[in-house]
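Fold and contact review
Here's the letter readout for the chains.
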Amino acid sequence: MTLNEVTISRAILEEQHRAFIDHLEMDAAVIGGGPSGLACAALLGERGVSCALIEKKLSIGGGMWGGGMMFQRIVVQEEARRLLDRFGIAYREFEEGYYVAKSVEAVAKLTSAACDAGVEFFNLTTVEDVVVRGDGRVGGLVINWTPVDMAGLHVDPLTVACTCTVDATGHDAMIARMIEKKGGELRVKGESFMWAERAESRILDHTKEVFPGLFVAGMAANAVAGECRMGPIFGGMLLSGERAAALVAERLGR
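- An unreviewed UniProt entry annotates the protein chain as Thiamine thiazole synthase of Methanoculleus oceani.
- Regarding the protein chain, the relevant UniProt record gives this comment under Cofactor (unreviewed entry): "Fe(2+)".
- In its Subunit (unreviewed entry) section, UniProt records this for the protein chain: "Homooctamer; tetramer of dimers."

Thoughts on the state of the cysteines
- In the structure shown here, the tally under the stated rule is zero disulfides.
- This cysteine, C51, is not joined by any disulfide, and C40 carries the nearest cysteine sulfur, 6.6 Å off.
- Of the cysteine sulfurs around C164, a residue in no disulfide, the closest is that of C162, at 8.0 Å.

Some thoughts on the pattern of salt bridges
- Under the definition given, this model contains 12 salt bridges.
- Taking the shortest distance from any N to any O, the salt bridge between R86 and E46 comes out at 2.1 Å. Of this pair, R86 sits in helix α3 (residues 81–86) while E46 sits in helix α2 (residues 35–46); the two residues are 40 residues apart in sequence, bridging distant segments of the chain.
- According to the relative accessible area criterion, R86 is partly exposed, its value standing at 38%.
- You can call E46 partly exposed: its relative accessible area is 42%.

Considerations on the UniProt feature "binding site: NAD(+)" (unreviewed entry) in the protein chain
- When the UniProt feature table is mapped onto this chain, "binding site: NAD(+)" (unreviewed entry) is found at S36, E55, K56, G63, V127, H154, V155, D156 and M219. Separation in sequence by 184 residues is matched in space for these annotated residues, since their most distant C-alpha atoms are 32.2 Å apart.
- Among the structural elements, K56 can be located in the loop between β2 (51–55) and β3 (73–77).
- The contacts of K56, once residues within four sequence positions are left out, are L124, T125, T126, T146, D172 and M174.
- Mapped onto the secondary structure, D156 falls in the loop between α5 (146–151) and β9 (158–167).
- The class of D156 is exposed, set by a relative accessible area of 61%.

Structural notes on the side chain of T146
- Summarising the element assignment, T146 is placed in helix α5.
- Setting aside residues up to four positions removed in sequence, T146 forms contacts with K56, L124, T125 and T126.

Side note on the packing of aromatic side chains
- Inspection of every chain in the model, using the stated rule, returns two aromatic pairs.
- Aromatic pair F20 and F122: ring centres 5.7 Å apart, planes at 55 degrees, arrangement tilted. With F20 in helix α1 (residues 5–22) and F122 in strand β6 (residues 120–123), this residue pair connects regions lying 102 residues apart in the sequence. Here F20 and F122 have matching classes, each one buried.
- Summarising the aromatic geometry, the rings of Y91 and Y99 are spaced 5.4 Å apart at their centres and angled 85 degrees between planes, so their arrangement reads as edge-to-face.
- Of the residues examined, Y91 reaches a relative accessible area of 27% and is grouped as partly exposed.

Regarding helix α9 (residues 235–252)
- Spanning 18 residues, α9 covers 26 Å between terminal C-alpha atoms, matching the ideal 26 Å at 1.5 Å per step.
- Of all the 18 residues making up α9, 13 are buried; the element is thus mostly covered by neighbouring parts of the structure.
- Directly after α9, the chain includes G253, whose backbone phi takes a positive value near 75 degrees.

Here we look at the UniProt feature "binding site: Fe cation" (unreviewed entry) in the protein chain
- UniProt records the feature "binding site: Fe cation" (unreviewed entry) at D156 and H171, using the numbering of this structure. Separation in sequence by 16 residues is matched in space for these annotated residues, since their most distant C-alpha atoms are 27.2 Å apart.
- You can see H171 is positioned in the loop between β9 and α6 (174–181).

Cut-offs used in this document
Residues numbered from 1 in each chain as written. Predicted model: local features only at pLDDT ≥ 70, side-chain atom pairs only at ≥ 80, totals over all residues. Heavy atoms only, no water. UniProt positions renumbered as here; feature names shortened; annotations may be inferred. Disulfide = S-S within 2.5 Å. Salt bridge = Lys/Arg side-chain N within 4 Å of Asp/Glu carboxyl O. Helix = DSSP H or I, 4+ residues; strand = E, 2+ residues; numbered from the N terminus. Buried < 20%, exposed > 50% of the residue type's maximum accessible area, 1.4 Å probe, protein only. Contact = heavy atoms within 4.5 Å. Phe/Tyr/Trp six-rings, centres within 6.5 Å; stacked < 30°, edge-to-face > 60°. Expected span 1.5 Å × (residues − 1).

Encoded structure:
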């Protein structure tokens, strides 16, 4: 076989352009590729929802890659152990109710599950604004390349339409803050102190639709609610992603 460099370039450009065009209009957009976003996107894809995951960084996985202080292990409590089984993530019981998994394997298995479910990934892509029309709902996203944003270049963005948006951007709650900043009826209280028990036990209550068309998941849900943070225990992140997927699917009639 003789390789042709232009054919390689054409293959990449044509396939990625097709994926982009196919997702100019979609059912759901998940913003943030951390554990809650990955779980949410994978479960939406399995329900047949047209879904894309948008991540501003090059890598997918959010804070899960580093485990706790770069010790590449995460902890999941009993309530979420079934999701480790669900995604095929190996673990061992450390003490009763505490299960330890490899952070790298967890990210890889969640990402693989989302890919298998048909989720399209758009990494190195920044959401710089949302579309809100006369109906008062978030109906789309204004996106640009992350390097454009980082360089401060004046390059106009493009827009995609989505029926539901999931803010899974972690501590920053970026999408919710955009709406708050522009005068939407949404208050982002900001995350509180570290208190793992409280943060984990209340995150599902905070995982909800906080503005028409906008759902929050993971640490973004706790940040909007003014709730505590929890550190390198990830059961709440997975459960929140599952909850967000169920809420979005219900809204979409799936």
